[in-house]
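Structural characterization, general
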Amino acid sequence: MANKRSLKKAINVVCEELFAEAVAASLYGNEGYKENTEALLLSVVKIHKEYTCRVSHPEPGMPAKQYYKDLREKLAAQVSELVDQINNL
C-alpha cells in the first residue's frame, strides 16, 4: 500500500486529466451533448471528492491493505467507465 499522500496525489492527477479531457471533448465535439457533458464533469468532481475522503477515513473493522486495494479497484472501474463516456461524446 502506498501512503495516503501519494494515493491522494494519484487521485488528483487522474481526476484532473479526466476533467481536462471532458472539457476538451465538449469544446471540440458536437454542441448537442451539452447536458451529457455537464453531467460528466459533475461526476468527475463527485468521484474526486468521494475517493479523496475515503482515503482519509477507512472503514473500521476492515484490514487496511484490503480496504485500499478495494478502493483502488473501484476507482479504476469508475475511471474506465468515465473514459468510455468521454470517448462517446
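Residues numbered from 1 in each chain as written. Predicted model: local features only at pLDDT ≥ 70, side-chain atom pairs only at ≥ 80, totals over all residues. Heavy atoms only, no water.

This next bit is on the packing of aromatic side chains. Under the criterion given, the structure shown has 1 aromatic pair. Their ring planes at 75 degrees and their centres at 5.2 Å tell us that Y67 and Y68 sit as a pair that is edge-to-face. Owing to a relative accessible area of 1%, Y67 belongs among the buried residues under this scheme. Y68 sits in the buried class, given a relative accessible area of 3%. (Phe/Tyr/Trp six-rings, centres within 6.5 Å; stacked < 30°, edge-to-face > 60°. Buried < 20%, exposed > 50% of the residue type's maximum accessible area, 1.4 Å probe, protein only.)

With that settled, the discussion passes to helix α1 (residues 4-28). For α1, which comprises 25 residues, the first-to-last C-alpha distance of 36 Å matches the rise-based estimate of 36 Å (1.5 Å per residue) to within 8%. Those residues of α1 hidden inside the fold are in contact with α2 (34-56) and α3 (64-87). (Helix = DSSP H or I, 4+ residues; strand = E, 2+ residues; numbered from the N terminus. Expected span 1.5 Å × (residues − 1). Contact = heavy atoms within 4.5 Å.)

This paragraph deals with the environment of V44. By the element assignment, V44 lies in helix α2. Other than its neighbours up to four places away in sequence, V44 contacts C15, L18, F19 and L82.

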